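# Overview (structure and organization)
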Amino acid sequence: MSTVVYISNKEIQIVTGTRGKKASAKQFYLMKAPEGSVINGMVLDVNAFQTFLKEFWEANNLPKKDVYLLTSSNKIAGKMVKLPVLNKKKSTAFIQREFADMERDENTTVISYLPLKAAAKMRSVYASMLSRDSIKELADVFTNAGITLSGIASSDATEIAMIERTCASKNRTFVVQILDGNMVTNILWLDGKFNYINNIRCFHEPGTQEFYDDASRALGKMRQFMMTQKIESPIERVYLAGTDESNVAFYDEMLKAQDIQAPVELITPSTADRGFDTFKFQRVFPAVSGLFDFGPENDFLRSLKDDEKKESADQKAISKGRFVTLAVIAGVMILLFGGSLTARLIREGQLKSLQSYNDGVASQINEYDLYSAERDALEQQSLSLDNVVSSIDTYPLGNEDVLSVIESTANGYADIKIDSFDAEAGVVNIIATAPAVSDINKYIARLLQEDIFMDVTYTGYTMNADGTWDIHVICTLTEGAGR
């Protein structure tokens with residue numbers, strides 16, 4: 001039996017049951033954490049929260065292994081990423097570059113991602129990033145309470161996956177609102193695909209008229225977002241989770257005031273998922289989503305362990321390589337010493353025998369040996385310089401030729417700014433600004449036609465105050481470009 005724990009703020013959700021591609025629930029728990037012990041999905045008062053966990057586990061006789069933690073925290077960065085169909089290692093490296101604008105060291109962060117529907121060559125994933133320290137701190141809290149975590153994931157990701165499994169099988173364009181204390185999560189599904197998620201904090205007491213006014217206004221803002229993006233698809237339905245049946249009719253009236261003409265209902269399990277109480281399913285929806293295994297990529301803890309194993313293996317390989325190198329050098333030195341000693345003894349014998357014959361010949365031999373050694377040293381230096389020059393010639397250059405191609409492709413379409421150039425990786429970061437998104441798309445299409453670029457990727461569009469649009473373009477140069 002598996003146990004899923006969901007933490008965000010005051011309210012802790014725990015679900016036990018069978019975990020896997022298909023799941024079933026056995027027990028549902030909803031309780032308050034010690035005051036101030038959990039804030040924004042992170043444990044601040046470690047001692048109080050550990051005592052709370054120990055007492056709750058013992059009182060309910062819960063298993064201390066096969067436990068999974070879901071957290072909703074503003075420390076987790078999340079975004080949609082489109083990427084080619086790659087293995088996990090290459091996918092993680094690709095996603096890491098998508099988070100480059102956040103200026104976080106990739107050696108201090110861990111990437112997890114939720115694969116969504118894939119096309120033939122490209123696929124979409126919901127990617128999440130969390131610091132290594134935060135992951136270790138969460139794992140240590142449970143370990144010190146005598147509980148072993150098997151995984152840690154972003155609740156945003158598991159909720160998106162769960163909505164794809166439930167609501168998305170019935171509608172194509174809809175909104176889901178999940179209530180968790182003062183926190184409200186809004187998720188937009190557009191034309192059969194996940195589109196947008198946001199988390200907001202309401203400052204009124206849950207259950208009051210003012211709180212539900214705030215929650216309905218959050219949905220109204222999502223409607224405004226759709227209008228700003230010129231999304232014409234009507235909202236077919238609004239799904240609620242984390243609330244009571246009595247609030248459905250209440251929401252129906254409030255949404256009409258927000259110009260959302262769509263029926264409202266509670267999230268229910270899919271027909272494929274049995275063993276769930278309908279009310280409890282939606283009431284602890286974040287925790288329930290953790291009972292379903294959405295793949296090893298969507299697990300911070302597993303990704304961290306994989307990274308640490310790789311680093312350990314790399315370190316061992318480096319140490320082994322150093323040992324082998326030292327051994328080879330020692331062996332060569334011994335051979336050289338032995339050969340030099342033998343040669344010296346032989347040469348001394350020859351010199352002694354020849355010295356009596358002609359001192360001048362001995363002098364010429366010494367001079368010849370000196371010149372030979374100098375010639376060999378010069379030849380070795382020349383060979384090393386040739387190797388260095390050959391290696392340097394493979395690096396792309398960010399010279400006028402490359403800049404001319406970048407600028408000429410932008411003429412008539414966009415104003416560009418070279419943000420940075422990584423010579424070692426051959427990556428040029430560009431910020432393109434244009435009055436219309438279509439102009440930026442044409443500019444990117446022209447970049448893709450240039451032979452000097454091995455790859456061209458870009459992030460989402462951003463509207464500026466003057467009505468122009470920005471996009472972050474990443475160009476990877478071919479080997480030797482600009483030479």
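Located above this text is the structure these notes cover.
Cut-offs and rules
- Residue positions are counted from 1 within each chain, in the order its sequence is given.
- At least 70 in pLDDT is required for a residue's local features to be given in this predicted model, at least 80 for side-chain atom pairs to be given and counted, and no such filter applies to totals for whole chains, interfaces and linings, which use all residues.
- Each side-chain value is derived from all of the structure's non-hydrogen atoms; neither hydrogens nor water enter the calculation.
- The helix count covers DSSP runs of H or I at least four residues long, the strand count covers runs of E at least two residues long, and both are numbered beginning at the N terminus.
- The classification of residues rests on relative accessible area computed with a 1.4 Å probe and restricted to protein chains. Under 20% of the type maximum is buried, over 50% is exposed, and intermediate values are partly exposed.
- In the cavity and pocket records, a cavity denotes points on a 1 Å grid over the protein atoms alone where a 1.4 Å probe fits but cannot get out, a pocket denotes an open set with protein on both sides within 12 Å along at least 5 of 7 lines, and lining residues are residues with an atom within 4 Å of a point.
- Grid points are joined across faces, edges and corners, and a volume is the space filled by probe spheres set on the points.
- Classes in brief: Ala, Val, Leu, Ile, Met, Phe, Trp, Tyr, Cys and Pro nonpolar; Asp, Glu, Lys and Arg charged; the others, Gly included, polar.
- By the counting scheme adopted, Arg and Lys are positive, Glu and Asp are negative, and His together with the chain ends is not counted.
- Here a salt bridge means any side-chain nitrogen of Lys or Arg lying within 4 Å of a carboxyl oxygen belonging to Asp or Glu.
- It only takes one pair of heavy atoms within 4.5 Å for two residues to be counted as in contact.
- Each patch groups residues whose relative accessible area exceeds 30% and which form no salt bridge, using 9 Å between like charges and 5 Å between nonpolar side chains of Val, Leu, Ile, Met, Phe, Trp and Tyr.
- Note on areas: these come from Shrake-Rupley sampling with a 1.4 Å probe, and a residue is covered only by the protein chains present in the view.
- Note that the charge is assigned to NZ on lysines, CZ on arginines, CG on aspartates and CD on glutamates.
- Two strands pair if DSSP finds at least two bridges between them.
- The angle between two axes is taken between their N-to-C directions and runs from 0 to 180 degrees, where each axis is a line fitted to C-alpha atoms and a helix contributes only its stretch in contact.
- Working rule for angles: under 35 degrees goes down as roughly parallel, over 145 as roughly antiparallel, 65 to 115 as roughly perpendicular, anything else as oblique.
- Handedness of each helix crossing follows the sense of rotation of the near helix against the far helix: counterclockwise by less than a right angle gives left-handed, clockwise gives right-handed.
- We define a nonpolar core as any set of buried Ala, Val, Leu, Ile, Met, Phe, Trp, Tyr and Cys residues linked to one another through side-chain atoms lying within 4.5 Å.

### Quick word on the overall build of the protein chain
For the protein chain, the helix and strand inventory stands at 12 helices and 20 strands. Considering the protein chain as a whole, with its 483 residues, one finds that 42% of them fall into the buried category.

### Side note on empty space enclosed by the protein
It is a probe the size of a water molecule, rolled over the atoms, that shows where empty space is left. Taken as a whole, this structure holds one cavity of 30 Å³ or more when the rule is applied. As a volume, the largest cavity reaches approximately 50 Å³. Along its surface, the largest cavity is lined by Tyr6, Ser8, Ser72, Ser155, Asp156, Glu159, Ile178, Asp180, Met183, Thr185, Asn199 and Pro286. Those elements that place two or more of their residues in the lining of the largest cavity are α4 (155-165), β11 (174-180) and β12 (183-190). Per-element tally for the lining of the largest cavity: the top contributor is α4, with three residues. Counted by class, the lining of the largest cavity contains four nonpolar, five polar and three charged residues.

### Considerations on the side chain of Asp299
With respect to the helices and strands, the residue Asp299 is situated in the loop between α8 (285-289) and α9 (300-355). There is no salt bridge for the buried Asp299, and the closest opposite charge comes from Arg302, which lies 6.1 Å off by N-O distance.

### Examining the layout of surface pockets
Here the largest pocket defines a volume of roughly 1400 Å³. Forming the walls of the largest pocket are 38 residues, and the residues nearest its centre are Met80, Val81, Lys82, Thr459 and Gly460. With five residues, strand β7 (residues 77-84) is the single largest residue contributor to the lining of the largest pocket. When the residues that make up the lining of the largest pocket are grouped by side-chain class, the tally is 21 nonpolar, eight polar and nine charged.

### Some remarks on the environment of Thr71
Relative to the helices and strands, Thr71 resides in strand β6 (residues 67-71). On the basis of relative accessible area, Thr71 is assigned to the buried category, the value being 0%. Separated by 62 residues in sequence, Thr71 and Asn9 place their C-alpha atoms 9.6 Å apart. Beyond its immediate sequence surroundings of up to four residues, Thr71 is in contact with Ile7, Gly41, Ile76, Leu138, Ala153, Ser154 and Ser155.

### With respect to a positive patch on the surface
A contiguous patch of positive charge on the surface is contributed by Lys82, Lys117, Arg172 and Lys193. By secondary structure assignment, the location of Arg172 is in the loop between α4 and β11.

### Some thoughts on the sheet that holds strand β13 (residues 193-201)
The five strands are arranged β13-β12-β11-β14-β15 in an open sheet whose pairing can be described as mixed. If you trace the sheet from one side to the other, it starts and ends with β13 and β15 (264-266), each paired once. Going across the sheet, the axis of each strand differs from the next one's by a mean of 20°, ignoring polarity. Where β11 and strand β14 (residues 237-241) come together, five bridges link them in parallel fashion. Bridge pairing in β14 links Val176 to Tyr239. Sitting on the sheet, helix α6 (residues 247-257) is in contact with β11, β14 and β15, with an inclination near 150° to β15.

### Things to note about α4
For an α-helix, 3.6 residues make a turn, and residues three or four places apart therefore share a direction. For α4, the tally of buried residues reaches nine of 11 residues, placing the bulk of the element in the interior. Turning to α4, its buried residues are Ser155, Asp156, Ala157, Thr158, Glu159, Ile160, Ala161, Met162 and Ile163.

### Some words on the packing of helix α11 (residues 400-410) against helix α12 (residues 437-448)
Running from N to C, α11 and α12 point in directions that differ by 140°, and their axes come no closer than 9 Å. When the axes of α11 and α12 are compared, the pair comes out oblique. Handedness of the α11/α12 crossing: right-handed. Contacts from Ile406, Ser408, Thr409 and Ala410 of α11 reach α12 at Tyr443, Arg446 and Leu447. When the residues that make up the contact of α11 with α12 are grouped by side-chain class, the tally is four nonpolar, two polar and one charged.

### Points about the pairing of strand β9 (residues 122-131)
Most of β9 is tucked away, with eight of its 10 residues classed as buried. As defined by bridge partners, β7 adjoins β9 across eight bridges and the pair is classed as antiparallel. For Gly78, the partnering residue across the bridge sits in β9 and is Ser128.

### Comments concerning the nonpolar core
Membership of the largest hydrophobic core comes to 37 residues, with the highest contact counts inside it found for Val176, Phe276 and Val288. Examining the composition of this core, we find that five residues originate from one element, α4, more than from any other.

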